[in-house]
Amino acid sequence: MVLTQRFDILVIGGGPAGMAAAVRAAECGARVGVVDDNPKLGGQIWRGEPDQQGSNQDGKSEAAQWADRFRRSGAAMLCGIRVFHQPQEGILLAEGTDDLVELRYGKLVLATGARERFLPFPGWTLPNVMGAGGLQAMVKSGLPIRGKRVVVAGTGPLLLAVAAYLRKHGADIPMICEQASWSSLAAFAVSLAGQPRKLMQALQLKRELAGIPFIPSSWPVAAYGLRTLEKVTLALPSRTETIPCDYLACGFHLVPNLELPLLLGCQVDNGYVTVDEFQRTNLPQIFCAGEPTGIGGLELALVGGQIAGLAAANQTSTAQGLFRQQKKARRFAQALDRTFQLRPELQALPQPETIVCRCEDVPYSHLRPHGSWRAAKLQSRCGMGPCQGRICGPATQFLMNWNPDSVRPPVFPARVESLATIAESSEQVCSQAMGGER
Ligand SMILES: Cc1cc2nc3c(=O)[nH]c(=O)nc-3n(C[C@H](O)[C@H](O)[C@H](O)COP(=O)(O)OP(=O)(O)OC[C@H]3O[C@@H](n4cnc5c(N)ncnc54)[C@H](O)[C@@H]3O)c2cc1C
């Protein structure tokens, strides 16, 4: 069955950026809808529990305030559906558990967030080697972690947030390995000088992680175990060390979810959707906010979302009042990119037999002969499994300098029934256009 919904302003993504955009636009009187594929709003950081977050360093009291404001704004919440196709301008198709949903919009705000970047190394596909944010999400959903030994490794501030969270829930963290060097971390710390809130957050994390060795210029080189992870070998600045553990929480910073913006034709430069100060993309009716415009954390998501929502509702002068905050948040995003860029040594992590595309079981040795992402896809099936290159795409981009050259619908795997309905309706459109003749 196809359900049709119409909105003046449609927001894709119900994380902080999407919630902020929806609230500000709906408060201006626009008919607003927010779509998210999770069962509740909140995105990665609030994870569907904005109301239950106490006030602490993650701005979580802010979460409850935004949830409350969202409820009062009158914006419609369409959770549990995922946008996968744009059959024509102004219309998006999304799938729910049972239905196909047609979403018609006047203006669109893309707030599709980011995901963790994974790099392949021997043993990275063993059970219990997990993304740092992924493990945190599983613990939030009930995975028992008390008493478990968790090595945290990779790069980016998420590692610290996750380590603090896991420790608070009873995990034993023997070590945090950060691939960035002391000198780039020191430069990053200096850049926080003008940002008292960030400094407070950093100090709180330092307190929460007291006693856990934090080792810059270090990274995992191999994970071992018979059926599940048993130990991990880490390259430390002056030696390698093998540590027994139950989990390896490992992520190499974040990559923006650009599939939908690219499908719609948004311009992307240096890995992010290009937006002006009103968060407008190159397409007149489409705005973008949050992580697809820069990996900048909660502040960038909230301020960019608010500006996008206001600008989409034609309240540009109110939006201008947020420009200073936006500039500061964008500077922070640039500092994150500089500090946590991947060091070239990590390109040597995979061995010939290391699986790179875990959906299609493609080892590194099968990829090396190819000169491009497209050639590798055609000849090895790399990137053609259910995740559609979301994991191996960014990895091969770093390892081989390949660029995914095109995005095609459906941007997420869709049910055959949905694809058949699309095919049927485009046949009808064709036959109507041809005066009923076939
Ligand atoms: C796994 C993970 C864990 C994180 N944990 C923390 C943390 O503990 N602390 C912290 O400070 N920061 C954390 N972050 C960073 C945090 O996500 C950002 O700082 C910021 O909050 C991002 O907000 P956003 O609204 O841009 O994106 P998100 O919060 O990612 O929201 C985007 C939403 O859009 C939805 N979406 C995307 N595409 C579609 C589609 N086609 N159809 C329907 N819905 C769609 C996604 O499911 C998601 O809910 C985490 C990031 C990740 C990837």
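Description of the structure in this document. (Residues numbered from 1 in each chain as written. Predicted model: local features only at pLDDT ≥ 70, side-chain atom pairs only at ≥ 80, totals over all residues. Heavy atoms only, no water.)

**Side note on the environment of Ile9**
Take Ile9: it is sitting in strand 1 (residues 2–12). A C-alpha to C-alpha distance of 5.6 Å links Ile9 and Leu108, two positions 99 residues apart in sequence. Excluding residues within four positions of it along the chain, Ile9 makes contact with Ala25, Ala30, Arg31, Val32, Gly33, Lys107, Val109, Ala312 and Ala313. (Helix = DSSP H or I, 4+ residues; strand = E, 2+ residues; numbered from the N terminus. Contact = heavy atoms within 4.5 Å.)

**Regarding the site of the ligand**
Ala17, Asp36, Asp37, Gln44 and Val83 are the nearest of the 31 residues found near the ligand. Within the contact set of the ligand, an oxygen atom lies 2.9 Å away from a backbone nitrogen or oxygen of Ala17. Between the ligand and the protein, one listed contact pairs an oxygen atom with a side-chain N or O atom of Asp36 at 2.7 Å. For the shell around the ligand, the secondary-structure elements that each account for two or more residues are helix 1 (16–27), helix 2 (43–46), strand 4 (82–88), strand 7 (114–116), helix 4 (132–140) and helix 9 (297–312). Class assignment for the residues of the shell around the ligand results in 13 nonpolar, 12 polar and 6 charged. (Near = heavy atom within 4 Å. Polar contact = N/O pair within 3.5 Å; in protein donor to acceptor, adjacent residues only side chain to side chain. Nonpolar A, V, L, I, M, F, W, Y, C, P; charged D, E, K, R; others polar.)

**As for the sheet that holds strand 8 (residues 129–130)**
Spatial strand order, 8-15-9-10-11: 5 strands in an open sheet with parallel pairing. Two strands in the sheet have a free side with no partner beyond their single neighbour: strand 8 and strand 11 (214–215). Sheet topology note: the strand 9 (residues 150–155)/strand 10 (residues 176–178) ladder contains 3 bridges and is parallel. From the neighbouring strand, Val152 faces strand 10, where its bridge partner is Ile176. Sheet strands touched by helix 4: strand 8, strand 9 and strand 15 (247–252). Its angle to strand 15, the strand with the most contacts, is close to 130 degrees. (Pairing = 2+ DSSP bridges. Axes fitted to C-alpha atoms, helices over the stretch in contact; angles between N-to-C directions.)

**Details of the sheet that holds strand 12 (residues 219–224)**
The strand order across the open sheet built from 3 strands is 12-13-14, with neighbouring strands paired in antiparallel fashion. Each having just a single partner strand, strand 12 and strand 14 (240–244) make up the two edges of the open sheet. Between one strand axis and the next, the sheet turns through 25 degrees on average, direction left out of account. Bridging between strand 13 (residues 231–235) and strand 14 involves 5 bridges; their strand directions are antiparallel. From the neighbouring strand, Ala235 faces strand 14, where its bridge partner is Thr240.

**Things to note about a positive patch on the surface**
Residues Arg324, Lys327, Lys328 and Arg331 make up a contiguous surface patch of positive charge. With respect to the helices and strands, Lys328 occurs in helix 11 (residues 323–339). Overall, Lys328 belongs to the partly exposed group, its relative accessible area being 34%. (Patch = residues over 30% accessible without salt bridge, like charges linked within 9 Å, V, L, I, M, F, W, Y side chains within 5 Å. Areas by Shrake-Rupley, 256 points an atom, 1.4 Å probe, with all protein chains shown as cover. Salt bridge = Lys/Arg side-chain N within 4 Å of Asp/Glu carboxyl O. Lys, Arg positive; Asp, Glu negative; His and termini not counted. Charge placed at Lys NZ, Arg CZ, Asp CG, Glu CD. Buried < 20%, exposed > 50% of the residue type's maximum accessible area, 1.4 Å probe, protein only.)

**Quick look at the packing of aromatic side chains**
Enumeration according to the criterion identifies 4 aromatic pairs in this entry. Ring geometry for Trp182 versus Phe214: centroids 6.3 Å apart, planes at 70 degrees, classification edge-to-face. Taken as a pair, Trp182 in helix 6 (residues 182–191) and Phe214 in strand 11 lie far apart in primary sequence, 32 residues in all. Centroid distance Phe278 to Phe323: 5.1 Å. Interplanar angle 65 degrees. Geometry classified as edge-to-face. With Phe278 in the loop between strand 18 (272–273) and strand 19 (286–288) and Phe323 in helix 11, this pair connects stretches of sequence that are 45 residues apart. In this structure Phe323 comes out as buried when scored by relative accessible area, which is 16%. Three or more aromatic residues joined by ring pairs make a cluster, and in this case those are Phe188, Phe332 and Phe340. Across the ring face of Phe332, the terminal group of Lys198 is positioned such that the distance to the ring centre comes to 4.1 Å. (Phe/Tyr/Trp six-rings, centres within 6.5 Å; stacked < 30°, edge-to-face > 60°. Lys NZ or Arg CZ within 6 Å of the ring centre and 35° of its normal.)

**Here's the deal with the nonpolar core**
With 41 residues, the main nonpolar core has Ile9, Val11, Val32 and Val109 as its most contacted residues. Residue assignment for this core shows that the elements contributing at least two residues are strand 1, helix 1, strand 2 (32–36), helix 3 (60–73), helix 9 and helix 11. Apart from residues lying up to four places away in sequence, Val11 is in contact with Gly18, Ala21, Ala22, Val32, Gly33, Val34, Val35 and Val109. Membership of the second largest hydrophobic core comes to 39 residues, among which are Leu234, Ile243, Leu248 and Leu342. (Core = buried A, V, L, I, M, F, W, Y, C linked by side-chain atoms within 4.5 Å.)

**A short note on the side chain of Asn257**
Among the secondary structure elements, Asn257 is positioned in the loop between strand 16 (254–256) and helix 8 (259–264). Polar contacts involving the side chain of Asn257 include one to the side chain of Arg115, which spans 2.7 Å. For Asn257, the residues in contact, after removing those within four places along its chain, are Thr112, Gly113, Ala114, Arg115 and Pro292.

**With respect to the packing of helix 9 against helix 11**
The interhelical angle for the contact between helix 9 and helix 11, taken along N-to-C directions, is 140 degrees, at an axis separation of 9 Å. When the axis of helix 9 is compared with that of helix 11, the two are oblique. As for the relative orientation of helix 9 and helix 11, their crossing is left-handed in sense. From helix 9, Glu299, Leu300, Val303 and Ile307 reach across to helix 11, where they touch Phe323, Gln325, Gln326, Ala329, Arg330 and Ala333. (Parallel < 35°, antiparallel > 145°, perpendicular 65-115°, else oblique. Left-handed = near helix turned anticlockwise from the far one by under 90°.)

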